[in-house]
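# Results of the structural survey
Spelled out from the first residue to the last, the chains are:
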Amino acid sequence: MQKNLEPKYNYHQVEEGKYDHWVKQGYFTAGDKSKEPFTIVIPPPNVTGILHIGHAWDNALQDIISRYKKMRGYDMLYLPGMDHAGIATQAKVDARLKSEGISRYDIGREKFLERAWEWKEEYAATIRKQWAKLGNSLDYTRERFTMDEGFNDAVKHVFVSLYNEGLIYRGWRIINWDPEARTALSNIEVYHQNIPGKMYYFNYKVVETEDSFTVATTRPETMFGDVCVVVNPKDERFTHLIGKHAINPANHMPLPIITDEYVDVEFGTGAMKCTPAHDPNDYQIAERHGLEKPICMNPDGTMNALAGKYEGMDRYECRDKLTSDIEAEGNLIKIEDIEHEVAHSERTHCIVEPYLSEQWFVKMKPLAQDVLDHQKDPDQHIYFYPERFERTFEQWLENIEDWCISRQLWWGHRIPAWYHKETGEVYVGEKEPEDIENWTQDEDVLDTWFSSALWPFATLGWPEDTEDYERYYPTSTMVTGYDIIFFWVARMAFQARHFTKQRPFKDVLIHGLIRDAKGQKMSKSLGNGIDPMQVIEDYGVDALRFFLTTNSTPGQDMRYIPEKVEASWNFINKLWNASRFVLLNLPDDFDPKSISFEDLTESDIWILNKLNETIAHVTQNMEKYEFALVGNELYSFIWEDFCNWYVELSKASLNSDDIKLQKSAQGTLYICLLNILKLLHPFVPFVTEEIYQTFCHDQESLCLESWPEVINEVPQIDTLSMDRLISVIKKIREVKIVSHLKPSAPLDIMIKDLDGNALPVDPAQANMLQRMAKATWLDKIEGDLAVETVYAGTLLIPSEELLDKEAEIAKLKQEEKRLNGELARSRGILNNPGFLNKAPQAKIDEEKRKQSDYEKQLSAVIERLKMLDK
RNA sequence: GGAGGCUUAGCUCAGUUGGGAGAGCGCACCCUUCACAGGGGUGAUGUCGCAGGUUCGAGUCCUGUAGCCUCCACCA
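Residues numbered from 1 in each chain as written. Chains lettered and ligands numbered in written order. Predicted model: local features only at pLDDT ≥ 70, side-chain atom pairs only at ≥ 80, totals over all residues. Heavy atoms only, no water.

## Quick look at the overall build of chain A
- On a plain count of helices and strands, chain A comes out with 26 helices and 29 strands.
- Against the globule reference of 29 Å for 870 residues, chain A gives a C-alpha radius of gyration of 37 Å, more extended than a compact globule.
- Each principal axis of the C-alpha atoms in chain A carries an extent, and together these give about 120 × 65 × 55 Å.
- By residue count, 54% of the 870 residues in chain A fall in the buried class.
- In chain A, once contacts between residues fewer than 6 apart in sequence are set aside, the share between residues at least 24 apart is 76%.
- Total accessible area on chain A stands at roughly 39500 Å², and carbon and sulfur atoms take up 49% of it.
- Averaging the coordinates of the 99 positive side-chain charges in chain A and doing the same for the 142 negative ones gives two points 4 Å apart. (Helix = DSSP H or I, 4+ residues; strand = E, 2+ residues; numbered from the N terminus. Rg over C-alpha atoms; globule rule 2.2 N^0.38 Å. Buried < 20%, exposed > 50% of the residue type's maximum accessible area, 1.4 Å probe, protein only. Contact = heavy atoms within 4.5 Å. Areas by Shrake-Rupley, 256 points an atom, 1.4 Å probe, with all protein chains shown as cover. Lys, Arg positive; Asp, Glu negative; His and termini not counted. Charge placed at Lys NZ, Arg CZ, Asp CG, Glu CD.)

This is the structure:
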């Protein structure tokens, strides 16, 4: 059944058709009840567009864990799905409508939603294609969407329950208002950016006296919503004015002058204007003093009737006009250029307006506290990798404020609240009121993250008590970026805690952001984004996956560097060629069952021990999500130990006439390759499957193989003698270069230990020396091309005729210097009573051995130098 | 104003309980029958940001400090 691999690694050909086949065969479908479940839910991508390279990274990590766990014998569920992404998708659909010359208001809510669903279907199809390209081992029989029927029920259930428990309420609060999207935002949907601005100083005249004083503001347009002027009660500069009134320079209305501890005497002029409807601090002051909270702006950021002649003007236009009008009246004192932190909308990037409005909120303190309390329970603790993000997570929960969950959008879960048309009574329920004609439903929808927060359990059928929910929940590992710990991870944590009484996942593996080669964040405006589909086109998906998952440590950002993707490609190419070598050297009737561990050569045993070591280390690090370490170890085992050493060494056996030698090399090559394929499969599933299919295999697919375990039949050896051989070979190569000999020039050698005794070389070793270094072993030095090597040291002595004397002396001097340095260090330690008293005995012995080796090597070097001096 | 990360070879980064500084790429020189020239071989290159401390011993632990970066935070 055996066939050979194509001479060239062609990733297009290798990847072709495999994924569809895997899906069709049901390899990714969970449900084997005989096994223990392991669950990963995909962080649902937004249906706003296509996947970017950050998704490719995120998914590659999940897929590696999934494939690994499946091989480890788990009933693996990797659950796919997508997020409706309320505000983002609505903006995209709006833009599409705009390109057709219409607005959503022209077509109305129903029609708009139809268009949004069209959009969703279109992009969902694209995303599925991209998942396929990436090779994600997703169970499509369980795919979910945050607005599918079951999910809608879950959302309603959660909303109604929290409302009935008093954990959701509706009220007037200062919220972040996005005037462009015309919706409320939660605190974490805004970001603060330091931008240049101006501080305006205005003259306020006092009504009752001839006094006047200065008030500073950055937002003059809000002066139409001012209700008072506030000073600190302890501020003696203003004591005589307290209780009097000042004229608002904007509208000439008198404002009471009051006191409040909040005012900072040091800041500004010490006198602060108070706009309760447009500033959260001012709102607090107004609450304390029982003041009105007039709103002076419209939802679109224009001024309302309160602004008088400025009504209808944009907020910034009003700011300028008003300022010049005040200046004309002689009440502008100065304008200062300043830099300040201003809140911007994450979505539209416009400046967010603190705005008094009636919204729905989740009362967060008790929910957050519940999570924090359970972090103390090891069985309910959510473990972050790396651990430091636990602090980020917990500190955020400790300082949490109520969550504004209503959004003035159409695309999303409509709030299940109705208002009675006559009585104004509020009804909240999963089903609409029976006498629906008397009620009006709340126009708003819920924050997207309100539904995303239910993802790990609602996707499994909750609130129904389904079989999947019973079996696969709580989930095992969540993989996501540090940028959405607050948006998503924390919210899943408290919703899960509250509704399922469990943590939503045991582990959270955090990764960073992927940046461009210069370290800049990828963004549309910079045009420095990398399309993963293009990378796959250029290098193949396996190279992309290997690059993405082995080049960074957990939680750390990574740069996209094309040369590193190329390096990954080269590695895969190396694997391909090594596999070709193995296949070319296995006989047609090769039977893995005939492999015997009885007649292995020293080099066979050496590489199999290396393999065992690799299996053990890789498995340990896979469990710790240390994929970069795994990558490094596999890379050096495969390229260095297996390809550069063992494959070359094996040629001696393969080409010999001894059937036993041939067989043991063949068996060893087979075992190594099979295990290499298994170890690499989670990282590079396509190429490993292609190779696996090409030679004798037990399973119909590598996807069904089990993870390698340490092979106990391999004889344990001290690898010292192979290491000795390797160091001798390296030395011979070195002396040939120093002596300007061709690598292929034959050389006779004698090997001595440090005490000058000739070491025996067995026929196998002689064979290897012949093969790897074109050297033969001699009983004694004779002829022109003879060298002797001193093992365990680094000295290799070519005969005089061979060598470049100058170069040899220079090299020996350098060696002498190094050895003296090492000896000084070694003696220093061994003369230190502290070391002798406190260090472990093994360390002391090791150091003594080193010292004696150094001494022997040094005397050999010195002796050699003396000889050359003659 | 809080919190965290980074600083190791020319570049990008590893370095898992403290015990002789690593990889990839790049660089120099050599090598094309025998899996692979997108390959093989040999080699050069580091005051591990700086200063203290703990320790017999610190790239690794502690304290301080500089530079770069990120997150959180309501200062008019």
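## Quick notes on the protein's contact with RNA strand B
- Within the structure, RNA strand B sits among 54 residues, and Asn281, Trp639, Asn832, Lys838 and Tyr854 are positioned closest to it.
- Within 4 Å of the protein, the contacting atoms of RNA strand B are 57% sugar and phosphate, with bases supplying the remainder.
- Here a base oxygen of RNA strand B and a side-chain polar atom of Lys564 are 3.0 Å apart.
- Contact between RNA strand B and Arg580: a sugar or linking oxygen at 3.2 Å from a side-chain N or O atom of the residue.
- The set of elements that each furnish at least two residues to the surface near RNA strand B consists of strand S8 (212–217), helix H10 (388–398), helix H17 (562–585), helix H19 (627–654), helix H22 (720–738), helix H24 (805–830), helix H25 (833–838) and helix H26 (841–869).
- Its residues assigned to classes, the surface near RNA strand B comprises 21 nonpolar, 13 polar and 20 charged. (Near = heavy atom within 4 Å. Polar contact = N/O pair within 3.5 Å; in protein donor to acceptor, adjacent residues only side chain to side chain. Nonpolar A, V, L, I, M, F, W, Y, C, P; charged D, E, K, R; others polar.)

## Observations concerning helix H3 (residues 53–71)
- An ideal rise of 1.5 Å per residue puts 27 Å on 19 residues; H3 measures up with 27 Å between its terminal C-alpha atoms.
- Counting buried positions over the 19 residues of H3 gives 18, a clear majority of the element.
- Following H3 by one or two positions, Gly73 has its phi on the positive side, about 100 degrees. (Expected span 1.5 Å × (residues − 1).)

## What to know about the environment of Arg347
- Checked against the element boundaries, Arg347 lands in the loop between strand S13 (332–345) and strand S14 (353–362).
- For Arg347, a relative accessible area of 42% gives the class partly exposed.
- For Arg347 and Arg391, which are 44 residues apart along the polypeptide, the C-alpha to C-alpha distance reads 27 Å.
- The residues contacting Arg347, other than those within four sequence positions of it, are Ile87 and Ala88.

## Describing the environment of Arg825
- In this fold, Arg825 is placed in helix H24.
- For Arg825, a relative accessible area of 36% puts it in the partly exposed group.
- For Arg825 and Gln851, which are 26 residues apart along the polypeptide, the C-alpha to C-alpha distance reads 9.2 Å.
- When sequence neighbours within four positions are dropped, the list of residues in contact with Arg825 reads Glu847, Lys850 and Tyr854.

## Regarding a negative patch on the surface
- Residues Glu149, Asp153, Glu430, Glu464, Asp465 and Glu470 make up a contiguous surface patch of negative charge.
- One can find Glu464 in the loop between helix H12 (455–458) and helix H13 (467–472). (Patch = residues over 30% accessible without salt bridge, like charges linked within 9 Å, V, L, I, M, F, W, Y side chains within 5 Å. Salt bridge = Lys/Arg side-chain N within 4 Å of Asp/Glu carboxyl O.)

## Re the confidence of the model for chain A
- Here chain A averages 89 in pLDDT, and 96% of its residues register 70 or above.
- If you check the scores for this complex, the pTM reads 0.92 and the ipTM reads 0.95. (pLDDT = per-residue confidence, 0-100.)

## Observations concerning the pairing of strand S1 (residues 37–41)
- S1 sits mainly inside the fold: 4 of its 5 residues count as buried.
- When S1 meets strand S2 (residues 75–79), the two strands line up parallel, connected through 5 bridges. Within S2, the position partnered with Ile40 by the bridge is Tyr78.
- A crossover connection joins S1 to the parallel S2 through H3; in handedness this β-α-β unit is right-handed. (Pairing = 2+ DSSP bridges. Right-handed = clockwise from strand over helix to strand, strands pointing away.)

## Re the side chain of Arg471
- Inspection of the secondary structure assignment puts Arg471 in helix H13.
- A polar side-chain atom of Arg471 sits 3.0 Å from the main-chain carbonyl oxygen of Asp32.
- Look past the residues within four positions of Arg471 in its chain and what remains in contact with it is Asp32, Lys33, Lys35, Pro37 and Asp75.

## Notes on the sheet that holds strand S16 (residues 403–404)
- Strand order in the open sheet formed by 4 strands is S6-S5-S14-S16, with antiparallel pairing between adjacent strands. Lying at the two open borders of the sheet, with one neighbouring strand each, are strand S6 (183–185) and S16.
- Strand direction decides the pairing type here: S14 and S16, joined by 2 bridges, are antiparallel. Paired with Val362 across the strands is Trp403, a residue of S16.

## Quick notes on the pattern of salt bridges
- Using the criterion set out here, one finds 50 salt bridges in the structure.
- Residue Arg142 pairs with Asp139 through a salt bridge whose shortest N-O separation is 2.5 Å.
- Note on Asp139: relative accessible area 0%, which makes it buried.
- Lys273 is the salt-bridge partner of Asp226, the closest N and O atoms lying 2.8 Å from each other. On the criterion of sequence distance, the pair formed by Asp226 in the loop between S8 and strand S9 (228–231) and Lys273 in strand S12 (residues 271–274) is long-range, its members being 47 residues apart.
- On the basis of relative accessible area, Asp226 is assigned to the buried category, the value being 8%.
- The class of Lys273 is buried, set by a relative accessible area of 6%.
- Taken together, the salt bridges that share partners define one network made up of Glu822, Arg825, Lys843, Glu846, Glu847 and Lys850.

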